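Coordinate inspection notes
Residues per chain are reported as follows:
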Amino acid sequence: MNTLDLFALLPLIILTTSIILVMLVIAFARNLALTCLLCCIGLASTLLSIAWVGSSADSGYVTPLILVDAYSTLFSGLIVAAGIFISLISYSYLKHRGENQDEFILLLMLSTLGAVTLAHSAHFVSFILGLELVGVSLYAMISYPSKGLFGLEAALKYLILSGVSSAFILFGAAMMFAVLGTLSFSEMASSAQAQSTIEHWFILIGTTMVLAGIGFKLSLVPFHMWTPDVYEGAPAPATALLATISKGGIFAALLRFFLSFDGYQYNLITESLFWIAILSIVIGNVLALMQTKIKRVLAYSSIAHLGYLMVAFVSASILSGKQLAIEASIFFLFAYFITTIGAFGVVAIMSCESQGSDKDEISHYQGLFWRRPLLAAFFSAMLLSLAGIPLTLGFVGKFYIVAAGVESELWALLVAVVIGSGIGLFYYLRIIFSMTTHTDSDEPIAIPATGGWALGTLAFLLVYLGVYPTQVVDWVSSVAKSMI
Amino acid sequence: MIMLLTILTLFIGGLVAWSIEAWNKDLPRWISVGTCIIASILIATLYFQPTQQELMLAGVSSTWYEVLSIPWIPRFGIGFVLAIDGLSLLMVSLTLFLGFIAILSSWDEIDRRPGFFQFNLMWTLAGVVGVFVALDLFLFFFFWEVMLIPMYLLIAIWGHENKAYAAMKFFLFTQVSGLIMLVAILALVLGVAGTGVPLTFNYFDLMGHQLGEGLSFWLMCGFFVAFVVKLPGFPFHTWLPDAHTQAPTAASVLLAGILLKTGAYGLIRFTVPLFPEAAADIAGVAMTLGAISIVYGALLAFAQTDFKRLVAYSSVSHMGFVLVGVFAWTELSIQGSVMQMVAHGLSTAALFMIAGALQHRLHTRDMTRMGGIWHSAPRMGAVAMFFIIASLGMPGLGNFVGEFLILLGAFSINKTITVIATMGLITGAVYGLIAMQRVFQGQKSSDPEISGIKFGDFGSREMAAMIPMIIALTWIGVYPQPVFDLVDPVLASLYELTLGTSSQWIGASQ
């Protein structure tokens with residue numbers, strides 16, 4: 001460990017320090033505004049340090065556990081930026097919910113730290129460390145401010161299933177370790193070359209178990225059962241965090257693992273991923289049709305979106321389309337982050353005055369266009385982005401997914417994408433339509449400044465990058481190039 | 001640059017109209033009128049550029065008046081490419097003209113959120129203008145989708161009793177077919193890149209590449225489906241009657257007048273020139289679909305009691321002629337198709353306006369409850385008579401020129417289909433005149449709800465919208481040459497591109 005290594009670790013160090021600082025401040029002075037301010041300053045300086053390290057440090061291992069390169073810079077930047085937006089929205093959401101809300105912010109920072117670790121991980125130890133850090137903070141966040149049963153039910157569900165899936169991942173990793181004698185992704189790849197049949201099966205089963213565990217966390221079909229209940233029960237900012245930071249970090253580690261270990265060489269695995277993608281798209285979209293609560297709709301739609309992401313992930317199995325596929329998955333995730341935080345942000349803002357559970361019945365949103373035009377316009381933009389309509393970032397994301405599928409000639413997956421998007425339109429438009437209908441309710445909807453500005457920024461980014469994505473495309477493309 | 005300014009004018013005009021609503025409820029429509037005037041002036045300058053013949057003499061062989069090309073997403077070779085030639089210019093002019101008509105037709109129909117209404121109107125126009133001038137396939141697809149959302153909102157917010165269903169159906173049909181086109185666009189681009197050309201979405205660079213026969217057939221189908229859904233051709237027409245019936249008048253005018261034309265434009269500009277051989281392979285099928293649309297649309301139109309639905313089905317029938325004309329792909333038949341697009345745009349827009357006026361006054365579209373309206377509204381009756389006669393193809397009016405040329409051009413290709421298509425002219429007369437009789441002639445309605453209404457004739461605002469359309473239709477019916485002068489060089493160059501690529505098209509030229 002020398003100073004260069006320490007410099008490469010700067011983002012993690014700053015983030016950890018600010019977490020400790022926030023914890024100490026909470027211990028002495030409970031003040032939500034102060035906590036949030038410190039959290040934002042901490043995350044913002046982390047973001048700056050990520051940019052600094054990314055532009056000046058050489059890529060390489062810092063200890064065998066942590067790998068700092070363009071890929072980790074991109075993902076940790078994305079995750080920390082998402083953390084800032086979620087903490088701003090959380091502030092508005094928590095402000096009117098009584099005392100002792102500060103720890104929510106602390107937990108938020110902790111799970112951000114976990115996801116950043118995941119983005120840097122090149123070793124099963126750091127992988128599981130990050131995974132658990134995200135998971136454990138989420139258990140508490142899901143049940144945090146609500147005194148109702150739904151939050152507790154959701155947290156318990158998530159706790160048990162997430163625990164089981166972590167066990168799967170651990171066991172899978174152990175099986176691979178038994179054969180390969182290492183837990184580092186790249187060393188596993190080199191020693192996996194010459195193996196006897198029985199050892200080959202050990203690796204195969206181990207990888208499958210790891211994938212099953214990750215499938216739980218990413219809520220891919222058939223491991224998706226927990227998603228709608230947890231999304232519904234958790235407070236909206238926690239849901240946003242679960243849907244973006246947690247899934248994004250895990251996907252970053254998964255992609256890294258597959259690329260360095262070359263998981264695509266096992267046909268069985270590629271094929272099951274293929275079916276997981278199709279099933280996630282179809283089942284996610286079809287079940288979303290039948291929901292009447294916005295959070296449940298978004299839950300199923302996020303299952304479908306992870307399915308789209310898997311289309312790009314599977315496309316990377318074909319050598320000629322590998323770079324485009326990696327690029328597509330990173331860009332899609334980028335678009336998904338902004339859109340999902342925005343969509344849950346709207347739910348959070350809508351519910352920030354209510355004391356009990358979130359306002360997520362579609363009927364709450366009736367006539368929103370006439371009562372709160374700007375909020376309705378933001379929400380419509382987010383929904384249209386989820387549906388992949390031009391002028392929004394979601395369109396470029398979908399464009400990327402289709403391009404990756406075409407380049408790798410996976411036509412069956414593309415058929416699923418087209419059908420899924422068609423069904424998807426139906427439920428997104430239904431929400432937009434109900435926002436345009438008339439309502440007699442004139443219950444005022446207050447829009448808090450902090451959350452409102454955060455949403456506005458997200459909506460601006462969504463449209464600006466949807467129209468002019470050039471810089472992001474170039475950045476993502478250079479990162480993807482460095483990965484193969 | 002003019003195209004970019006035009007599109008930006010429309011986008012910005014829409015935003016201004018929306019934001020000014022808070023101050024004054026009457027101002028937004030004046031903003032729209034102003035926006036359309038500025039856009040029209042911009043476009044009009046293109047008419048004063050050197051004509052094609054002068055350019056030819058000067059040694060310029062290009063049919064393009066103006067090409068704007070700015071790199072956009074270099075990673076994929078995507079550029080912001082706008083180009084305008086005679087065909088695009090004609091379509092853009094039609095768009096802006098009908099934009100005026102749409103604003104006039106909704107003048108006092110919309111009392112809820114007039115600013116947001118005008119915003120959607122302007123953005124639809126901007127999207128359509130973009131579709132007509134975009135020559136980068138990514139940009140084209142971009143505009144293709146952009147025009148859908150405001151149209152969806154127009155139907156969903158200001159539509160009639162069954163608006164949710166109609167708006168959803170409209171959006172789903174066009175979006176899903178659009179996604180199929182997106183897959184085809186990407187497969188085309190990546191396929192062309194596979195032959196060693198750098199990645200590009202530019203229309204000019206994508207033309208004339210040899211892809212495998214199977215691949216280009218499927219790609220062509222992707223484009224074909226998207227355009228035929230929009231056209232709409234049988235069996236993809238089912239969204240149209242619902243959308244038209246439920247839409248507010250202005251949206252119906254735009255939908256029938258110009259949105260349908262984007263499908264026909266796409267067939268002429270993209271499907272055939274990009275895949276001449278594959279298009280030749282399905283020309284027979286496409287012409288058959290066109291003929292079925294003509295007859296089937298006419299039969300269904302005859303069976304309707306809802307005036308708007310009748311006009312909607314007549315659109316299916318008339319656009320069937322366009323499909324036949326494009327896929328016969330002779331110089332005459334393509335000219336005819338373009339003429340039919342313009343004439344149908346004008347006559348159907350006018351008929352929808354009349355339908356809207358009837359509904360506004362009587363609060364029903366049911367023709368069985370109407371009758372004898374001519375007595376109380378002679379001006380309206382005369383205007384309706386004119387447009388019904390125009391749309392049934394009376395010589396001397398625009399629609400006749402279009403249909404006649406299509407039939408003439410298609411006759412050398414496929415006699416059976418041409419004969420069947422000709423039936424459309426007869427059935428057109430039947431349903432047109434039946435509608436005329438039911439609504440305007442005969443006994444006055446005895447329905448207590450209807451007969452109690454004091455029926456107002458067309459006022460000066462409505463006549464101001466109708467008279468230009470009457471003049472335009474008569475003009476292109478009697479003296480269509482200026483339109484041909486405008487589009488002929490373009491059609492000829494497109495036609496030349498496809499010559500020699502396929503035996504079917506060569507056979508066509510003989």
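Residues numbered from 1 in each chain as written. Chains lettered and ligands numbered in written order. Predicted model: local features only at pLDDT ≥ 70, side-chain atom pairs only at ≥ 80, totals over all residues. Heavy atoms only, no water.

1. A few points about the overall build of chain B
Across its full length, chain B holds 24 helices and two strands. Here the C-alpha atoms of chain B give a radius of gyration of 22 Å, agreeing with the 24 Å that 2.2 N^0.38 yields for 510 residues. Projecting the C-alpha coordinates of chain B onto the three principal axes gives extents of approximately 75 × 55 × 45 Å. In chain B, which comprises 510 residues, the share counted as buried stands at 66%. Contacts in chain B between residues far apart in sequence, at least 24 positions, make up 81% of those at least 6 positions apart. Charged side chains of chain B number 21 positive and 27 negative; the gap between the two group centres comes to 12 Å. (Helix = DSSP H or I, 4+ residues; strand = E, 2+ residues; numbered from the N terminus. Rg over C-alpha atoms; globule rule 2.2 N^0.38 Å. Buried < 20%, exposed > 50% of the residue type's maximum accessible area, 1.4 Å probe, protein only. Contact = heavy atoms within 4.5 Å. Lys, Arg positive; Asp, Glu negative; His and termini not counted. Charge placed at Lys NZ, Arg CZ, Asp CG, Glu CD.)

2. So, helix α7 (residues 148–158) of chain B
Of all the eleven residues making up α7 of chain B, eleven are buried; the element is thus mostly covered by neighbouring parts of the structure. Within the sequence span of α7 of chain B, burial applies to L148, I149, P150, M151, Y152, L153, L154, I155, A156, I157 and W158 of chain B.

3. Some remarks on the interface of chain B and chain A
Each partner contributes to the interface: chain B provides 35 residues, whereas chain A provides 38 residues. Note on chain B versus chain A: buried area summed over both sides is about 3400 Å², and carbon and sulfur give 84% of it. Our count for the contact surface shared by chain B and chain A stands at one salt bridge. Here E327 of chain A and R75 of chain B are joined by a salt bridge, their closest N and O atoms 2.6 Å apart. Taken together, the connections running from chain B to chain A amount to five residue pairs in polar contact (both at pLDDT 80 or more). Mapped onto the side of chain B that touches chain A, the elements with two or more residues apiece are β1 (64–73), α5 (114–133), α6 (137–146), α7 and α8 (163–194) of chain B. Per element, the largest residue contribution to the side of chain B that touches chain A is 14 residues, and it comes from α8 of chain B. (Buried area = accessible area lost by both parts, 1.4 Å probe. Salt bridge = Lys/Arg side-chain N within 4 Å of Asp/Glu carboxyl O. Polar contact = N/O pair within 3.5 Å; in protein donor to acceptor, adjacent residues only side chain to side chain.)

4. A word on the layout of surface pockets
Approximately 1200 Å³ is the volume attributed to the largest pocket. Lining the largest pocket we find 40 residues, and of these L391 and V463 of chain A together with L15, F119 and W123 of chain B sit closest to its centre. Secondary structure elements with two or more residues in the lining of the largest pocket: α16 (373–387), α18 (411–436) and α19 (449–467) of chain A together with α1 (2–20), β1, α5, α6 and α7 of chain B. Of all the elements, α1 of chain B adds the most residues to the lining of the largest pocket, at seven residues. Of the residues that constitute the lining of the largest pocket, the class distribution is 35 nonpolar, five polar and no charged. (1 Å grid on protein atoms, 1.4 Å probe; cavity = no way out; pocket = protein on both sides within 12 Å on 5 of 7 lines; lining within 4 Å. Points joined across faces, edges and corners; volume = space filled by probe spheres on them. Nonpolar A, V, L, I, M, F, W, Y, C, P; charged D, E, K, R; others polar.)

5. Some points on the pattern of salt bridges
Tallied over the full model, the rule gives 18 salt bridges over all chains. Put simply, E161 of chain B and R365 of chain B hold a salt bridge, and the shortest N to O gap is 2.9 Å. Of this pair, E161 of chain B sits in the loop between α7 and α8 while R365 of chain B is found in the loop between α16 (331–362) and α17 (373–376), placing the two residues 204 residues apart along the sequence. Connected via shared salt-bridge partners are E153, K157, D229, E232, K293, R296 and E361 of chain A.

6. Considering the nonpolar core
F124 of chain A together with L82, F223, F327 and I354 of chain B are the most contacted members of the largest nonpolar core, which has 404 residues in total. Ranked by residue count, the leading element in this core is helix α14 (residues 322–350) of chain A, at 21 residues. (Core = buried A, V, L, I, M, F, W, Y, C linked by side-chain atoms within 4.5 Å.)

7. Some words on empty space enclosed by the protein
Residue and element names in this part refer to chain A. A full pass over the atoms with the stated rule returns eight cavities of 30 Å³ or more. Approximately 80 Å³ is the volume found for the largest cavity. In terms of lining residues, the largest cavity is bounded by H305, F332, A335, Y336, T339, S385, L386, G388, G394, G397 and K398. For the lining of the largest cavity, the secondary-structure elements that each account for two or more residues are α14, α16 and α17 (393–407).

8. Let's talk about the side chain of E232 of chain A
Residues and elements named next belong to chain A. Within the secondary structure, E232 sits in helix α10 (residues 227–233). At 2.8 Å, the side chain of E232 forms a polar contact with the side chain of K293. A distance of 2.5 Å separates a polar atom in the side chain of E232 from a polar atom in the side chain of R296. Not counting residues within four places of it along the chain, the set of residues in contact with E232 comprises K293, K295, R296 and D360.

9. Re helix α13 (residues 294–315) of chain A
If you check α13 of chain A, its first and last C-alpha atoms are 31 Å apart, about what 22 residues at 1.5 Å a residue would give, namely 32 Å. The buried fraction of α13 of chain A is high, at 22 of 22 residues. (Expected span 1.5 Å × (residues − 1).)

10. Observations concerning the packing of α16 of chain B against helix α18 (residues 378–391) of chain B
Residue and element names in this part refer to chain B. Across the interface, α16 lies against α18 with an axial gap of 9 Å and an inter-helix angle of 145°. Handedness of the crossing formed by α16 with α18: left-handed. Facing α16, whose interface residues are L346, S347, A350, L351, I354, A357 and L358, α18 presents M380, V383, A384, F387, I388 and S391. Residue composition of the contact of α16 with α18, by class: eleven nonpolar, two polar and no charged. (Axes fitted to C-alpha atoms, helices over the stretch in contact; angles between N-to-C directions. Left-handed = near helix turned anticlockwise from the far one by under 90°.)

11. Thoughts on the confidence of the model for chain B
With 95% of its residues at a pLDDT of 70 or more, chain B shows a mean pLDDT of 85. Counting contacts from residues 506–510 of chain B, a segment whose pLDDT is below 50, to residues more than four positions away or on other chains yields eight contacts. (pLDDT = per-residue confidence, 0-100.)

12. Points about the packing of α14 of chain A against α16 of chain A
Residue and element names in this part refer to chain A. At a minimum axis separation of 9 Å, α14 and α16 run at an interaxial angle of 145°. Where α14 crosses over α16, the handedness of that crossing is left-handed. From α14, I338, T339, G342, A343, V346, I349 and M350 reach across to α16, where they touch L375, F379, M382, S385 and L386. Classifying every residue of the contact of α14 with α16 by side-chain character gives nine nonpolar, three polar and no charged.

13. What about the packing of aromatic side chains?
Scanning the model with the defined rule gives 66 aromatic pairs over all chains in all. Aromatic side chains Y231 of chain A and F344 of chain A sit 5.7 Å apart centroid to centroid with 70° between the ring planes, which places their arrangement in the edge-to-face category. With Y231 of chain A in helix α10 and F344 of chain A in helix α14, this residue pair connects regions lying 113 residues apart in the sequence. A ring pair is formed by F386 of chain B and F387 of chain B, whose centres lie 5.1 Å apart and whose planes are at 90°; its orientation type is edge-to-face. Neither residue differs from the other here; F386 of chain B and F387 of chain B are each classed as buried. (Phe/Tyr/Trp six-rings, centres within 6.5 Å; stacked < 30°, edge-to-face > 60°.)

14. Here's the deal with the domain arrangement of chain B
Residues and elements named next belong to chain B. With domains assigned, chain B is organised as domain 1 (1–266) and domain 2 (282–510). Taking the mean C-alpha position of each, domain 1 and domain 2 sit 22 Å from one another. Between domain 1 and domain 2, the residue contacts involve 50 residues of the former and 44 residues of the latter. For the pair domain 1 and domain 2, the summed buried surface comes to about 3900 Å²; carbon and sulfur atoms form 77% of the total. Inspection of the region where domain 1 meets domain 2 yields eight residue pairs in polar contact (both at pLDDT 80 or more). Put simply, the parts of the chain that give the side of domain 1 that touches domain 2 at least two residues each are α4 (86–105), α10 (213–230), α11 (239–246) and α12 (249–274). Broken down by element, the side of domain 1 that touches domain 2 gets its largest block of residues, eleven residues, from α4. Counted by class, the side of domain 1 that touches domain 2 contains 31 nonpolar, 13 polar and six charged residues. (Domains from an automatic or database assignment.)

15. Describing the side chain of R29 of chain B
Residues and elements named next belong to chain B. You can see R29 is positioned in helix α2 (residues 27–47). Of the polar contacts made by the side chain of R29, one reaches the backbone oxygen of W107; its length is 2.7 Å. The contacts of R29, once residues within four sequence positions are left out, are I103, W107 and Q118.

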